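An overview of the molecular structure
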Amino acid sequence: LSSYSDYVCGDGYIYYMDHETIVRELAKKPDSDNLIDSFIEIIKGQAGGNNAYKMKFIDLLEKVSLDYKKTYLQKVRATEKITEQINLHIKTVNQAYIPGSTLKGAIRTALLGYHYQAKEEKMPRSYIGEDIFDKFDKDILKFLSISDSTTFEDKDLRICKFYRYNLDSSKTTIPIVNEVIDRGQATFSITCKAEKKQVSDKFYYLLKGQEKELLPFINKYTQKNIEIELKALQKSSGKEAKKLKDFYNRLLDTIENIDSSKEAI
């Protein structure tokens, strides 16, 4: 979303503008043709990245007494003033969800970490485990099915600024602004579909009814990653480094006390 005409920031929220509603409302006003032409010019200015058009959009709404709180599609909480482009979370019918392919990718990586550990070497960054899981239609994880999550409500979302922070110099980069799932609940399903003759013993967790066997693998991989982060942070000091260490230590405490027969992180 562009700040020129796609959203308005106010009262602790980001209001996503409904352009169709704005055009309909402008069409009811005196001199509607010129007003709509002005609105189209603003949209074109947005595409060109001209910052002057940001104020023109607000000016146009105020000029015709059009309340932006009556012309929005969604409103999402924002804890600070936002003026940058906003990257939206993936959605269906304007509601955020987590794709099954994303969830399966995370589980695949955890399983890959388990199988790869026997190699006693660092996993290459671009490695996807074709020598372990095979590839294309022979990929053994075809027997693992993960659904998309159900959708989240607007109240579960938040607009956040993200900075790359240098622990040594304490400098930050220009922020990236994302719409994120803050807190909320959604459901999805994990289904293992293999028959005994279709997989070898090392892939026992893919057999029908063995979904819970995946949970320990996921937790072990999560714990390993947290420990790696903490180790990397040991050489850093300062306020931000301490906050990060505290954060990862809380995660580590949680994962160490989790019941892997019932849940996974």
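The structure this text deals with has already been given above.
Summary of the structure given here. Note that the structure is a prediction, hence the values are computed from the model and not measured. (Residues numbered from 1 in each chain as written. Predicted model: local features only at pLDDT ≥ 70, side-chain atom pairs only at ≥ 80, totals over all residues. Heavy atoms only, no water.)

Regarding the side chain of Arg-108
On the secondary structure map, Arg-108 appears in helix 4 (residues 100-116). In this structure Arg-108 touches Ile-128, Gly-129, Phe-133, Asp-139 and Leu-141, once residues within four positions along its chain are discounted. (Helix = DSSP H or I, 4+ residues; strand = E, 2+ residues; numbered from the N terminus. Contact = heavy atoms within 4.5 Å.)

Remarks on the pairing of strand 2 (residues 13-17)
Along strand 2, four of the five residues are buried, which leaves the element largely enclosed by surrounding structure. Where strand 1 (residues 7-10) and strand 2 come together, four bridges link them in antiparallel fashion. Its bridge partner being in strand 2, Val-8 is matched across the sheet by Tyr-15. Here strand 1 folds back onto strand 2, and the loop between the two strands holds two residues, one of which, Asp-11, carries a positive phi near 60°. Pairing analysis gives five bridges linking strand 2 to strand 3 (residues 72-78), with the strands arranged antiparallel. Counterpart to Tyr-13 in the pairing with strand 3 is Arg-77. (Buried < 20%, exposed > 50% of the residue type's maximum accessible area, 1.4 Å probe, protein only. Pairing = 2+ DSSP bridges.)

Some details on the sheet that holds strand 3
On the basis of which strands lie adjacent, the open sheet formed by six strands has the order 1-2-3-8-9-4 and mixed pairing. Looking at strand neighbours, the two that pair on one side only are strand 1 and strand 4 (86-87), the edges of this open sheet.

Some remarks on the packing of aromatic side chains
Under the counting rule described, the total for this entry stands at ten aromatic pairs. Centre to centre, the rings of Phe-203 and Tyr-205 are 6.2 Å apart; their planes meet at 90°, and the pair counts as edge-to-face. Accessibility assignment for this pair places Phe-203 and Tyr-205 in one class, buried. Site record: aromatic cluster; members linked through ring pairs are Tyr-114, Phe-133, Phe-203, Tyr-204, Tyr-205 and Phe-217. Over the ring of Tyr-13 we find Lys-75; its NZ or CZ atom is 4.5 Å from the centre of that ring. (Phe/Tyr/Trp six-rings, centres within 6.5 Å; stacked < 30°, edge-to-face > 60°. Lys NZ or Arg CZ within 6 Å of the ring centre and 35° of its normal.)

Quick word on the packing of helix 6 (residues 214-233) against helix 7 (residues 239-256)
As a packed pair, helix 6 and helix 7 sit with axes 10 Å apart at the nearest point and diverge in direction by 155°. In terms of orientation, helix 6 lies roughly antiparallel with respect to helix 7. The way helix 6 lies across helix 7 gives a crossing that is left-handed. Facing Asn-219, Thr-222, Gln-223, Ile-226, Glu-227, Glu-229, Leu-230 and Leu-233 of helix 6, the residues of helix 7 in contact are Leu-244, Lys-245, Tyr-248, Asn-249, Leu-251, Leu-252, Ile-255 and Glu-256. Among the residues forming the contact of helix 6 with helix 7, the class breakdown is eight nonpolar, four polar and four charged. (Axes fitted to C-alpha atoms, helices over the stretch in contact; angles between N-to-C directions. Parallel < 35°, antiparallel > 145°, perpendicular 65-115°, else oblique. Left-handed = near helix turned anticlockwise from the far one by under 90°. Nonpolar A, V, L, I, M, F, W, Y, C, P; charged D, E, K, R; others polar.)

Don't take any of this as a statement about function, it's just geometry.
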